[in-house]
Amino acid sequence: MAAAASFFAPLAYGHGAPEYPISRQYSCYQNRAQPACQAAIAYGGEQAIYDWNGVNQGAAGGNHQAVVPSGQMCAGGQSKFKGFDLARPDWQATTWSPSTDGSYEFRYHATAPHRTLDWKFYLTREGWKPGTQPLQWSDVELVSTIGGDQVATPTPNRYLMKLRLPHRTGPHVLYAAWQRSDSQEAFYSCSDVNFGGGGITPPVAPTPLHHIGQVNATQNLPANASAKLRVFGRDGADLEGHTLAITGANGARDTWLGQLATLVNGRSAYVRVGNLQGGSVTVPSQATVLQVYALTETSGVSHVVDIALPPTPPVTPPGGPEWTEGAHYKTGQVVSHKGGNYVCLQGHQALVGAGWYPDAPSVINVLWKRQ
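Reading the values: rules and limits
Residues numbered from 1 in each chain as written. Predicted model: local features only at pLDDT ≥ 70, side-chain atom pairs only at ≥ 80, totals over all residues. Heavy atoms only, no water. Pairing = 2+ DSSP bridges. Helix = DSSP H or I, 4+ residues; strand = E, 2+ residues; numbered from the N terminus. Axes fitted to C-alpha atoms, helices over the stretch in contact; angles between N-to-C directions. Contact = heavy atoms within 4.5 Å. Phe/Tyr/Trp six-rings, centres within 6.5 Å; stacked < 30°, edge-to-face > 60°. Lys NZ or Arg CZ within 6 Å of the ring centre and 35° of its normal. Core = buried A, V, L, I, M, F, W, Y, C linked by side-chain atoms within 4.5 Å. Buried < 20%, exposed > 50% of the residue type's maximum accessible area, 1.4 Å probe, protein only.

(A) Spotlight on the sheet that holds strand β15 (residues 289-294). Judged by pairing direction, the sheet is antiparallel, and its 4 strands sit side by side in the order β10-β15-β13-β14 without closing on themselves. At either end of the open sheet lies a strand with only one pairing partner, and these are β10 (210-216) and β14 (280-282). Neighbour to neighbour, the strand axes of the sheet diverge by 60° on average, direction disregarded. Two strands pair when backbone bridges link them, and strand β13 (residues 271-277) and β14 are joined in this way by 3 bridges, in the antiparallel orientation. Residue pairing across strands places Gln277 opposite Ser280, the latter belonging to β14. Across the sheet, helix α5 (residues 253-267) is in contact with β10, β13, β14 and β15; its angle to β13 comes to roughly 110°.

Written as structure tokens, this is what we have:
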């Protein structure tokens, strides 16, 4: 099938990964605390997380099935990325809904310039079930091919493509193969998606909402911390901020993120946070990754989540408070001085200017004794 595309970009950027719908490697790079990511690291090693933008084959030459074996597709045929081929039902999936024109947005974060021959997009077949086996070539069908002159570049390091897809429902995998024109090298990615239960042909409830990124809860938060979602305008100025106070009841990372999203959705004039399905953004009861959508594509807004932890209480040196000139001390009281602990032998006031430091020769074993 042909894909709807506009604009052109004869120069494409190599090395990178899809950010919408996000690829497995890039999602784990942003939030390695996800259970599937932890399993991938345990099985294939940690380096794969840091090399999220290098899932490639240097001599592909467009023969993708020849260089990437079945069962190794999400790893791009590289053993370093083998953890991302694990057959698991809990890979972080992007809920994917059509734009107002019925097409599906695919956005790629590129990190190094190369020229593009084409992009080939494969989608798992209707009836495919996640978690049964590593992705096979027989599991997917080619649904779109896009040439380098059909790719929009809204910013220098972002590619934008509009895909028209065949009917699918529920969870699926979008497999992308990107072939360079100035080299035999190609790049590969698996993006887990969820189309929901309504199908996508014809488009269901197109929406003006525009995906601008995602937010991750990478840690549990202690009581008296806060999580604040800030929204910025096109010029970088603060437009609004929404702060969630953390208590002992909502500090778990799969809890506070959803509560923050609910707070934002009830107040924000610019964004919605959650999962877009059927034209509406919903917030699951538990989540560690959620998507962020601008209310309009032209607003140019961006976002960030700031975490503020409670202040750390001052640490009292072992043995007691620091000795202070002028203070009154009682027999048996313990103080710290120059890294040592001293016990008071007789009650007194440390007269200012008298030089009665606990380690002074005139008072040691008279007023103070080192422990």
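From this point, the narrative continues.
(B) Inspection of the packing of aromatic side chains at higher detail. Counted according to the given criterion, the structure contains 23 aromatic pairs. Summarising the aromatic geometry, the rings of Phe106 and Trp119 are spaced 5.8 Å apart at their centres and angled 70° between planes, so their arrangement reads as edge-to-face. Ring pairing ties together the aromatic residues Phe106, Tyr108, Trp119, Phe121, Tyr159, Trp178 and Phe187, which thus form one cluster. When the ring centre of Tyr43 is taken as origin, the NZ or CZ atom of Lys82, which lies over that ring, is 4.9 Å away.

(C) Expanded view of the nonpolar core. With 27 residues, the main nonpolar core has Met73, Phe84, Leu135, Trp137, Tyr175 and Tyr188 as its most contacted residues. Tallying contributions element by element places helix α2 (residues 35-44) first for this core, with 4 residues. Setting aside its immediate chain neighbours within four residues, Tyr175 contacts Val68, Met73, Cys74, Lys120, Phe121, Tyr122, Leu135, Trp137, Tyr188, Ser189 and Cys190. Counting residues in each nonpolar core, the second largest holds 25 residues, with Ala110, Leu163, Phe195 and Tyr293 among its members.

(D) Layout of the sheet that holds strand β16 (residues 302-308). Strand order in the open sheet formed by 3 strands is β12-β11-β16, and the pairing between neighbours is antiparallel. With one partner strand each, in any of the chains shown, β12 (238-245) and β16 form the two edges of the open sheet. Geometrically, the sheet is characterised by an average inter-axis angle of 20° between neighbouring strands, direction not taken into account. With 7 bridges joining them, strand β11 (residues 226-232) and β16 adopt antiparallel strand pairing. Each bridged residue has a counterpart across the sheet, and for Phe232 the counterpart in β16 is Ser302. On top of the sheet, α5 reaches β11, β12 and β16; it is set at about 135° to β12, its chief contact.

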